[in-house]
Amino acid sequence: MSIRVLVTDGMDAGAVEKLRSEGYEIVEQFYEPDQLGAALREFDIVIIRSATKIKEPQIDAAKGSRLKLIVRAGVGVDNIAVKYAEANGIQVKNTPRASSNAVAELALALLFSCARNISIAGHTMRENKWEKKAYSKGFELAGKTMGVIGYGRIGRMVGEKAQALGMQVLSTVHRNKPEGCECETMQFVSMDELLSRSDILVLCAPSGDKPLVDAESLQKMKDGVVIINVSRGANVDEAALLDALNSGKVRAAGLDVWMSEKDPNWALAQHPAVSCTPHIGAGTKEAQKRIGAELVDIVEHFAG
């Protein structure tokens, strides 16, 4: 019996063809949550991205079947009930290395847009408006202090690129301090110190029990802080951020992720001080090829 692989949210075409050439049966189809669990019973492996969620109800419907592996084509696995899946004999893997540079570059792109009003200035140009005076009040990144929350693969790449631009980088330590990272332009500090010293805050951490940016943490930040989120939508209290943008406490925000991707906070997305994208952090040709190659390796290893 050939190994059946369900791909719900798309996958690099070259990777799909490679697996098919090796004899794997690949089915590319998206299922709604109430239909997904039953469908999973007919597959050995399911490969998902951010749109598909495999939580307890889907695992309950699929457990005891041929499904033995869930693969997240990307970094975060918060759309999967990982511990519950593993407790029911289903392995969970992801591709943490493949998209790190693409996400880090997008964080910097959003930051440049915030610094130089690129998003709103470009929008007004398309409305045949010449708003040079209004949007000539940007700021330079050199000499600024960036606080990175989540100094893993993506956070470190963001930090390295920021240092190359002449910025001082701060980060916090939640688990183990990465070796060899501290230097003249990179320091680990407490969360409160990071919030109070940072001109720019970049979120690269997994989501937790509460948002990293909420009314309480915003009060600890500098007036005019810039916030960039390329991590998870749940890391930001969107109502609190909108209030802070309206009051001027937050100068600008760059957002790639949202609490809801089906119904984003449109008032936040349309705010003139917000540069935003529809969760395209890993959306480069290079990253997708790397993700595809890593997925092939995971599937081949599973097959033995």
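Because the structure is predicted, anything quoted here is derived from the model rather than measured. (Residues numbered from 1 in each chain as written. Predicted model: local features only at pLDDT ≥ 70, side-chain atom pairs only at ≥ 80, totals over all residues. Heavy atoms only, no water.)

Enquirer: Can you explain the packing of helix 5 (residues 100–116) against helix 7 (residues 153–164)? Please cite residues and give values.
Expert: A pair of packed helices is captured by two measures, namely the crossing angle of their axes and the spacing between those axes. Axis separation between helix 5 and helix 7 bottoms out at 8 Å; the angle between their running directions is 45°. Comparing the axis directions of helix 5 and helix 7 gives the class oblique. Crossing geometry of helix 5 relative to helix 7 is assigned as right-handed. Contacts between helix 5 and helix 7 involve S100, N101, V103, A104, E105, A107 and L108 from the former and R153, I154, M157, V158 and K161 from the latter. (Axes fitted to C-alpha atoms, helices over the stretch in contact; angles between N-to-C directions. Helix = DSSP H or I, 4+ residues; strand = E, 2+ residues; numbered from the N terminus. Parallel < 35°, antiparallel > 145°, perpendicular 65-115°, else oblique. Left-handed = near helix turned anticlockwise from the far one by under 90°. Contact = heavy atoms within 4.5 Å.)

Enquirer: Account for the packing of aromatic side chains, naming residues and giving values.
Expert: Per the stated rule, a full pass over the model turns up one aromatic pair. Centre to centre, the rings of Y151 and F188 are 5.8 Å apart; their planes meet at 90°, and the pair counts as edge-to-face. Within this pair, whereas Y151 is found in the loop between strand 6 (145–149) and helix 7, its partner F188 is found in strand 8 (residues 186–188), the two being separated by 37 residues in sequence. Grouping residues by exposure puts Y151 and F188 together as buried. Sitting over the face of the ring of F43, R4 holds its NZ or CZ atom 4.4 Å from the ring centroid. (Phe/Tyr/Trp six-rings, centres within 6.5 Å; stacked < 30°, edge-to-face > 60°. Buried < 20%, exposed > 50% of the residue type's maximum accessible area, 1.4 Å probe, protein only. Lys NZ or Arg CZ within 6 Å of the ring centre and 35° of its normal.)

Enquirer: Can you explain the nonpolar core? Please cite residues and give values.
Expert: Membership of the largest hydrophobic core comes to 29 residues, with the highest contact counts inside it found for L111, M146, V158, I200, V202, V226 and I228. If you list the elements that add at least two residues to this core, you get helix 5, strand 6, helix 7, strand 8, strand 9 (200–203) and strand 10 (225–229). Here this core takes nine residues from helix 5, the largest share from any one element. Residues contacting I200, with those up to four places away along its chain left out, are L111, F139, L141, K144, T145, M146, G147, M167, V225, V226 and I228. Counting 26 residues, the second-largest nonpolar core is a separate cluster that includes L194, L201, I227 and A269. (Core = buried A, V, L, I, M, F, W, Y, C linked by side-chain atoms within 4.5 Å.)

Enquirer: Run through the sheet that holds strand 2 (residues 25–28), naming residues and quoting values.
Expert: Within the open sheet, the five strands sit side by side as 2-1-3-4-5. Their pairing is parallel. Since the sheet does not close on itself, it has two edges, and those belong to strand 2 and strand 5 (91–94), each with one partner. Neighbour-to-neighbour, the strand axes of this sheet turn through a mean angle of 20°, independent of strand direction. Relative to strand 5, strand 4 (residues 69–72) is paired through four bridges, and the arrangement is parallel. Note on strand 5: the bridge partner recorded for I70 is V92. (Pairing = 2+ DSSP bridges.)

Enquirer: So what's going on with the environment of L218? Which residues, and what values?
Expert: Looking at the element boundaries, L218 is found in helix 9 (residues 215–219). Accessibility expressed as a relative area gives 3% for L218, which makes it buried. For L218 and K249, which are 31 residues apart along the polypeptide, the C-alpha to C-alpha distance reads 8.0 Å. In contact with L218, other than residues within four places in its own chain, are V213, I227, A240, L241, A244, K249 and V250.

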